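Residues per chain, in single letters:
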Amino acid sequence: MSTNSSIRLAQVERHYVQGESRLTILDHADMEIRAGEMVALVAPSGAGKSTLLHIAGLLEKPDGGDVFVNGTSCKGLDDAGRTDMRRSSIGFVYQFHHLLPEFSALENVMLPQMIRGLPRKVAADRARMLLEYMRLGQRVTHRPAELSGGEQQRVAIARAVANNPYVLLADEPTGNLDPLTSNYVFDAMTALVRQSGVAALIATHNHDLAKRMDRAITLRDGKIIDHVLV
Ligand SMILES: Nc1ncnc2c1ncn2[C@@H]1O[C@H](COP(=O)(O)OP(=O)(O)OP(=O)(O)O)[C@@H](O)[C@H]1O
């Protein structure tokens, strides 16, 4: 175990009870991702990727074990504490951008910061900087419907890191894009991860993108194990 892991799962258990049967999705599973590391999560449908992302993102509580965010145990946190930790320390990117349609790109990136109580001007300056970094400086006043799919996804990535999180969790972030756009968005995300030092876990079915990350993991028999990509 390294001391500088941004996210660590320790002996995490998750079961679903369906009638008489008990389905074990995570069985004393361990995982850790260091700052600035990009890890691909590759697993067949139904293996438990969403469950893992939800637990790592503090959206779901494990039945056992613990999640550490930047070294802090989340086990003893109540719902409000988990929400605070999630807002301050974890960013999410989904397959579909989930941007708020009535707000501009700039406002979408400002919002998570304002929810955390940052002044409007500070939030706007950081949002503009992130959008410029994502090469969207000319699109800040556009609403989501006035952006291309790749641009929408780049706004969603900027939004995910708006609060300077320790952890970035992405579920098929390029799954909805054509191959060329997918590559472009992935490059932008990589640059942001490297520059910000966030620890990124990215679920993807795209073998080529998975190969470009630092390493890959998968789920087998409830354990999180290294996945060798050939
Ligand atoms: N609330 C629930 N109750 C019972 N079983 C569940 C529940 N949620 C998920 N499961 C089961 O747990 C397993 C893992 O689900 P999960 O959504 O994590 O898979 P996944 O790997 O993300 O799949 P996909 O790639 O298709 O989205 C599946 O077999 C699913 O049917």
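Residues numbered from 1 in each chain as written. Predicted model: local features only at pLDDT ≥ 70, side-chain atom pairs only at ≥ 80, totals over all residues. Heavy atoms only, no water.

With an unreviewed UniProt entry as reference, the protein is termed Lipoprotein-releasing system ATP-binding protein, source organism Aureimonas phyllosphaerae. The UniProt entry for the protein carries this comment under Sequence similarities (unreviewed entry): "Belongs to the ABC transporter superfamily. Macrolide exporter (TC 3.A.1.122) family." (UniProt positions renumbered as here; feature names shortened; annotations may be inferred.)

1. Some remarks on the layout of surface pockets
Size it by volume and the largest pocket reaches roughly 480 Å³. Taken together, 18 residues make up the lining of the largest pocket; nearest its centre are R87, I90, F92, P112 and R159. Of the residues forming the lining of the largest pocket, the biggest block, four residues, is contributed by helix α3 (residues 105-115). Of the residues assigned to the lining of the largest pocket, the class counts are 11 nonpolar, four polar and three charged. (1 Å grid on protein atoms, 1.4 Å probe; cavity = no way out; pocket = protein on both sides within 12 Å on 5 of 7 lines; lining within 4 Å. Points joined across faces, edges and corners; volume = space filled by probe spheres on them. Helix = DSSP H or I, 4+ residues; strand = E, 2+ residues; numbered from the N terminus. Nonpolar A, V, L, I, M, F, W, Y, C, P; charged D, E, K, R; others polar.)

2. Structural notes on the pairing of strand β3 (residues 38-41)
Taking every second residue as pointing to the same face, both faces of β3 are buried, with M38 and A40 on one and V39 and L41 on the other. Looking at chain direction, β3 and strand β8 (residues 199-203) are connected through four bridges and run parallel. Bridge pairing in β8 links V39 to L201. Bridging between β3 and strand β9 (residues 215-220) involves three bridges; their strand directions are parallel. When the sheet's bridge partners are listed, V39 is paired in β9 with R215. (Buried < 20%, exposed > 50% of the residue type's maximum accessible area, 1.4 Å probe, protein only. Pairing = 2+ DSSP bridges.)

3. Observations regarding the sheet that holds β9
The six strands lie next to each other as β6-β7-β8-β3-β9-β10, forming an open sheet whose pairing is mixed. Each having just a single partner strand, β6 (90-93) and β10 (223-226) make up the two edges of the open sheet. Between one strand axis and the next, the sheet turns by 25° as a mean value, whatever way the strands run. (Axes fitted to C-alpha atoms, helices over the stretch in contact; angles between N-to-C directions.)

4. A few points about the packing of aromatic side chains
Summed over the entire model, instances satisfying the criterion amount to one aromatic pair. Centre to centre, the rings of F92 and Y94 are 6.1 Å apart; their planes meet at 5°, and the pair counts as stacked. The exposure class of Y94 is partly exposed, given its relative accessible area of 32%. Geometry around F68 places R8 over its ring, the cationic atom sitting 4.3 Å from the centre. (Phe/Tyr/Trp six-rings, centres within 6.5 Å; stacked < 30°, edge-to-face > 60°. Lys NZ or Arg CZ within 6 Å of the ring centre and 35° of its normal.)

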